[in-house]
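Examining the three-dimensional arrangement
Here is what each chain is made of, one letter per residue.
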Amino acid sequence: MDRYLPQRGRLLTSTRSLPDFEVVSASGPWLHRADGTRIFDGSSGMLTANVGQSSARVLARIEQQFQAYSFGGAAVVQPHIQLELMDRLCRAVGRPQDSVALVTCGTLGVEVAIGLARNIARVRGGKRGGDILTSDLSYHGMSALTLALAGNHARRPRPEDAMGLGPAFPAPYPPTHGHGDGQVCDASCADEVAKAIDSRGAEHVAAVLLEPVNGTTGGAFVPPDGYLRRVGEICRERDVLVIHDEVLTGLWRTGTPLASRHWDGCEPDIVILSKGLGAGYTPVAAVLASPKIAPLIRHADADPLPAMGTMAAHPLMAAACLGVLDELEAMDHDAFRARGERLGASLRSLTDLPGVREVRGLGHLYGVELAPGLLWPLLRQTEQRGVFFYPFTGAGEPRSEGLVVAPPLTSTDEDLDFLTTALTGAVTALN
Ligand SMILES: Cc1ncc(COP(=O)(O)O)c(C=O)c1O
């Protein structure tokens, strides 16, 4: 058979030119190239392949479901496997009584969460408007609505494409929150959320939508202690729902089942999970609604459920997710947490080297911020040393830049040593 010669320019998937990086097989966190070399996946693909690749547990689940039947929408056959996934997922993240919508990607998860929040706010509070407030350092997806709402202007550069929407409050991170000289962000930054709600009138606001720990927009910024709790209080006082976008951070990426669990008292009304749930084996997102608000979704006066779709809850997707949960629950969690802390300590020591401005993050998610101009040379250096990393877009003006260190959660101590040695060598080689 003739070798397939791809016409790269026709695949409309990335602004940057497509990587010249052919992978012929993969095992765990390692990608094997056609030339026989292997490369370590230091960012879990796009923070997605959280349990590594070629998992026997995931394959077994998919095979079992495939042999039973491969398609039957929840409106067609009894959705056994979707119900099993719902129960298992809710228990895994410590929200056992939540109701769940299953959809096909993070963006759609956010869209469904917005739809649910608007329905609930109207039934519960007789709200007149359905505004969704976001921060100026946020990414919530690639649809016209989520791009319009979020603060990632690299992905939606033209104000005229915002449909009159846009971020409503500053994120609690110094590069974007223009405090006076020397003032750092703290829990009082949540007062900006109160101001944003009050200036529109709470009756027009359905929900505040935020990433509890920032992902790739700013590079793993962690909110000040007490911030998320205060946001929750402000919203409750005003009858506004809180939605946590944990598309990237959910399912142990930051060391805990949900990133918000690093702090007490900030459980959201709605939470969206995606990347770590399918772990790259299947496109998927789950929207979890707390038992306090879920009954309102089925209230007689509620609008139709915004979660129906042909592929909304595909049995093979559900099977793959159960396999991912099998992997996640089989981890030795004490050892896993200790590995995350050791990774963080090794990365933080990079700030002793010239060119590394800051390292921030938690668990298995870190942003390594670099001096301007170093990102692409550094990525070339790390690749030569056998590690792939994903870049982050950056915050502030001029925009910062750096790389996201987010290896698969199932990486071993030796894997992580390989990563940190390669990264240290690459930074040193630039100086
Ligand atoms: C925080 C966050 N929300 C939403 C999304 C959108 O998810 P998807 O790319 O699966 O549509 C992403 C993707 O990177 C994300 O990081």
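Reading guide: rules and limits
Residues numbered from 1 in each chain as written. Predicted model: local features only at pLDDT ≥ 70, side-chain atom pairs only at ≥ 80, totals over all residues. Pairing = 2+ DSSP bridges. Helix = DSSP H or I, 4+ residues; strand = E, 2+ residues; numbered from the N terminus. Axes fitted to C-alpha atoms, helices over the stretch in contact; angles between N-to-C directions. Near = placed C-beta within 6 Å. Nonpolar A, V, L, I, M, F, W, Y, C, P; charged D, E, K, R; others polar. Expected span 1.5 Å × (residues − 1). Buried ≥ 20, exposed ≤ 12 C-beta atoms within 10 Å, placed from the backbone. Arc of directions from axis to C-beta. Contact = placed C-beta atoms within 7 Å. Domains from an automatic or database assignment. Parallel < 35°, antiparallel > 145°, perpendicular 65-115°, else oblique. Left-handed = near helix turned anticlockwise from the far one by under 90°. Core = buried A, V, L, I, M, F, W, Y, C linked by C-beta atoms within 7 Å.

What follows covers the sheet that holds strand β13 (residues 390–392). Within the open sheet, the four strands sit side by side as β10-β11-β14-β13. Their pairing is antiparallel. Two strands in the sheet have a free side with no partner beyond their single neighbour: β10 (356–362) and β13. Averaged over all adjacent pairs, the angle separating strand axes in this sheet is 25°, with direction ignored. Bridge count between β10 and strand β11 (residues 365–370): six bridges; the pairing is antiparallel. For Gly361, the partnering residue across the bridge sits in β11 and is Tyr366.

Quick look at the site of the ligand now. Surrounding the ligand, one finds 15 residues, the nearest of these being Cys105, Gly106, Thr107, Val247 and Leu248. Residue classes in the shell around the ligand are distributed as six nonpolar, seven polar and two charged.

In this section: the sheet that holds strand β3 (residues 38–41). Sheet architecture is open: four strands sit in the order β1-β2-β3-β12, paired in mixed fashion. This sheet does not close on itself; its edge strands, each paired only once, are β1 (23–27) and β12 (387–388).

Now for helix α11 (residues 333–348). Taking 1.5 Å as the rise per residue, α11 with 16 residues should run 22 Å; its terminal C-alpha atoms sit 23 Å apart, in good agreement. Of the residues making up α11, those classed as buried are Arg339, Gly340, Leu343, Gly344 and Leu347. Taken end-on, α11 shows its buried residues confined to a sector of 135°, consistent with a single buried face. Exposed side of α11, more than 90 degrees from the buried face: Asp334, Ala335, Ala338, Glu341 and Ala345 are the residues found there. Of the surrounding elements, those touching the buried residues of α11 are β10, β11, β14 (401–405) and α13 (413–430).

Inspection of helix α12 (residues 375–384) places Leu375, Leu378 and Thr382 among the buried residues, and these make up the whole buried set. Viewed along the axis of α12, the buried residues span an arc of 65°, placing them on a single side of the element. In α12, those exposed residues whose orientation departs by more than 90 degrees from the buried face are Trp376 and Gln384. The inward-facing, buried residues of α12 contact β11, β12, β13, β14 and α13. Looking one or two places after α12, you find Gly386, whose phi comes out positive at around 90°.

Our focus in this paragraph is the domain arrangement of the protein chain. With domains assigned, the protein chain is organised as domain 1 (8–54 + 332–430) and domain 2 (57–330). In this structure, domain 1 and domain 2 have C-alpha centres spaced 25 Å apart. Opposite the 29 residues of domain 1 that make contact, domain 2 presents 30 residues. By residue number, the principal contributor to the side of domain 1 that touches domain 2 is β11, which donates four residues. In terms of residue class, the side of domain 1 that touches domain 2 is built from 12 nonpolar, 14 polar and three charged.

Okay, unusual backbone geometry next. With a phi angle near 60°, Leu251 is a residue other than glycine that sits in the positive phi range. By the element assignment, Leu251 lies in the loop between β7 (241–246) and β8 (270–273). Here Leu251 falls in the buried class, since 28 other C-beta atoms lie within 10 Å of it. Although it is not a glycine, Ala279 adopts a positive phi angle of roughly 50°.

Packing of helix α3 (residues 80–92) against helix α10 (residues 315–330) leaves a shortest axis separation of 9 Å and a crossing angle of 30°. The pairing of α3 with α10 is recorded here as roughly parallel in orientation. Here α3 runs over α10; the crossing is left-handed. Residue-level contacts link Ile81, Gln82, Glu84, Leu85, Arg88, Leu89 and Ala92 of α3 to Pro315, Ala318, Ala319, Cys321, Leu322, Leu325 and Glu329 of α10. Across the contact of α3 with α10, the residue classes tally to 10 nonpolar, one polar and three charged.

Membership of the largest hydrophobic core comes to 123 residues, with the highest contact counts inside it found for Ala117, Ala207, Leu241 and Val287. The residues that make up this core include at least three from each of domain 1 (8–54 + 332–430) and domain 2 (57–330).

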